[in-house]
Amino acid sequence: MVPTPHYQGNGLVRIYYSGRDDRNRSHIGWSLVDLKGEPKEVAFSDEPVLAPGKLGCFDDNGVTPSCIIERPDGLYLYYLGWNPGSTVRMHLFGGLAISKDGGETFRRWSEAPILERCRSDPYLNTAPWVIWDNDKWRIYYVSGTEWINKDLPKYLIKTAVSHDGTQWDRKGDVCIDFADKNEVALARPFVIKNGNLYRMWFSHKGESYRMGYAESTDGINWQRDDSGCALATSDHGFDSDMVEYAAIVEFSGREYMFYNGNNYGYDGIGIAVRDVA
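Now for a quick tour of the structure. (Residues numbered from 1 in each chain as written. Predicted model: local features only at pLDDT ≥ 70, side-chain atom pairs only at ≥ 80, totals over all residues. Heavy atoms only, no water.)

Before going further, it helps to spend a moment on unusual backbone geometry. Of note, the phi angle at asparagine 134 is positive, near 60°, even though the residue is not glycine. One non-glycine residue, serine 252, lies in positive phi territory at about 55°. Following the sequence through the fold, serine 252 ends up in the loop between β17 (244-251) and β18 (254-260). Serine 252 gets classed as exposed once you look at its relative accessible area, which sits at 63%. (Helix = DSSP H or I, 4+ residues; strand = E, 2+ residues; numbered from the N terminus. Buried < 20%, exposed > 50% of the residue type's maximum accessible area, 1.4 Å probe, protein only.)

Laid out in structure tokens, this is it:
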């Protein structure tokens, strides 16, 4: 679930993702994919690099990767922390773990979330995607707007800034809003900045997830155009009902999209390819 790439060079990309154990708890591991020629897996982690947190913490029922970035003091892994609810099905908040050994192991920056409830975001706050934006860190994240019922949250995509990548000045700024009354979920923002152009892939859901796309010239105000991500469901197979959680890697004149299919990644991760040169 939720493929999260870290490019290694020479066509090699490590894809972090979460898989579930026999207690249905998500753990984070990785696969190393070689993009030269036909994409193929060449290595994978034998053990999780991050496991669920301590009992009672925000991530005690699972962890799922969201974004990984290189910083001078290590690799920063922003992730989703899962926690079961009582009046609602679950709680989701954003966490941070740091690796000092090139991504083989990670330790939590804090056992508390970096994206918790606040005045502008009183529901779930999760799926952080972080970029360096001029002189500051900018985060794109999923923010709940309500629970329609115990099992169905409604959420969209917001943004905030930070001076250190851990403490965020959140003012409730919405990047991607619902297209219509039938949409209930906007998920997993994935943002690439090329010069003055910001490109975002995300997932949107009415009855089931589809891919969405938007562009911006300032990283705050976005023009949504879902035709910019033309990957549709297949006629049959693992992605015949839904496609979601896109992550893009550019290599050798191509864009490689790693994504999940039916049932939020039940069968694994797919790759779609587009020539851009």
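Don't stop here, the text continues.
This brings us to the pairing of strand β11 (residues 152-162). Of all the 11 residues making up β11, nine are buried; the element is thus mostly covered by neighbouring parts of the structure. The pairing of strand β10 (residues 136-149) with β11 spans 11 bridges and is antiparallel. Across the sheet, tyrosine 141 pairs through a bridge with lysine 158, a residue of β11. From the end of β10 to the start of β11, which pair antiparallel, there are two residues. As defined by bridge partners, β11 adjoins strand β12 (residues 169-176) across four bridges and the pair is classed as antiparallel. Directly across from valine 161, in β12, lies its bridge partner aspartate 169. Between β11 and β12, which follow one another and run antiparallel, lie six residues, and glycine 165 among them has a positive phi close to 80°. (Pairing = 2+ DSSP bridges.)

Glancing now at the sheet that holds β17. Ordered in space as β17-β18-β19, the three strands form an open sheet in which the pairing is antiparallel. One side of each edge strand has no neighbouring strand; the edge strands of this open sheet are β17 and β19 (269-275). Averaged over all adjacent pairs, the angle separating strand axes in this sheet is 25°, with direction ignored. Bridge analysis of β18 against β19 gives seven bridges, and the strand direction is antiparallel. By the bridge assignment for β19, tyrosine 256 is matched with valine 273. (Axes fitted to C-alpha atoms, helices over the stretch in contact; angles between N-to-C directions.)

Turning next to the pairing of strand β14 (residues 197-205). The buried count for β14 comes to eight of nine residues, which makes it a mostly enclosed element. Here strand β13 (residues 185-194) pairs with β14 via eight bridges, running antiparallel. Counterpart to leucine 186 in the pairing with β14 is histidine 204. Taking the residues between adjacent antiparallel strands as the criterion, β13 and β14 are bridged by two residues, where glycine 195 takes a positive phi near 65°. Two elements, β14 and strand β15 (residues 209-216), share eight bridges in a ladder whose sense is antiparallel.

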